[in-house]
Amino acid sequence: MSETVLKIEGMTCMHCKMAVERALKNVPGVISAQVDLAKKEAVVAGSAERAAMVKAVDEAGIKWWVEF
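Residues numbered from 1 in each chain as written. Predicted model: local features only at pLDDT ≥ 70, side-chain atom pairs only at ≥ 80, totals over all residues. Heavy atoms only, no water.

## What about the nonpolar core?
One recurring pattern in soluble globular proteins: nonpolar side chains tend to sit buried together.
So, step 1. Membership of the largest hydrophobic core comes to 18 residues, with the highest contact counts inside it found for L6, V20, L24, V30, A42, V44 and M53.
So, step 2. Taken together, the elements giving at least two residues each to this core come down to β1 (2-9), α1 (14-25), β2 (30-36), β3 (41-46) and α2 (50-58). (Core = buried A, V, L, I, M, F, W, Y, C linked by side-chain atoms within 4.5 Å. Buried < 20%, exposed > 50% of the residue type's maximum accessible area, 1.4 Å probe, protein only. Helix = DSSP H or I, 4+ residues; strand = E, 2+ residues; numbered from the N terminus.)

Dropping the structure here:
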């Protein structure tokens, strides 16, 4: 199991935080996802591919920007 940190710009509220966490947790291979609104990042544990996580955040329906 590995840990991936995604920098996510554009989150402004707890709704954003929860939506990003929910999207990431639905990615196959993700064991846990914790979003820190203040740091503008998500820490994801598991074996999911980074591209799949970025795609899930992008498809969550709200415009966030994920930095590589």
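## Concerning α1
So, step 1. Look at α1: 16 Å from first C-alpha to last across twelve residues, which is about the 16 Å you get at 1.5 Å a residue.
So, step 2. Three or more residues of α1 are buried, namely C16, K17, A19, V20, E21, A23 and L24. (Expected span 1.5 Å × (residues − 1).)

## Quick word on the environment of L37
So, step 1. Note on placement: L37 falls in the loop between β2 and β3.
So, step 2. Look at L37 and you get partly exposed, because its relative accessible area is 23%.
So, step 3. It is 7.4 Å that separates the C-alpha atoms of L37 and C13, two residues lying 24 residues apart in sequence.
So, step 4. Look past the residues within four positions of L37 in its chain and what remains in contact with it is M11, T12, C13 and M14. (Contact = heavy atoms within 4.5 Å.)

## Let's talk about unusual backbone geometry
So, step 1. In this structure, K40 is a non-glycine residue whose phi angle is positive, near 55°.
So, step 2. Within the element layout of this structure, K40 appears in the loop between β2 and β3.
So, step 3. Judged by its relative accessible area of 33%, K40 falls in the partly exposed class.

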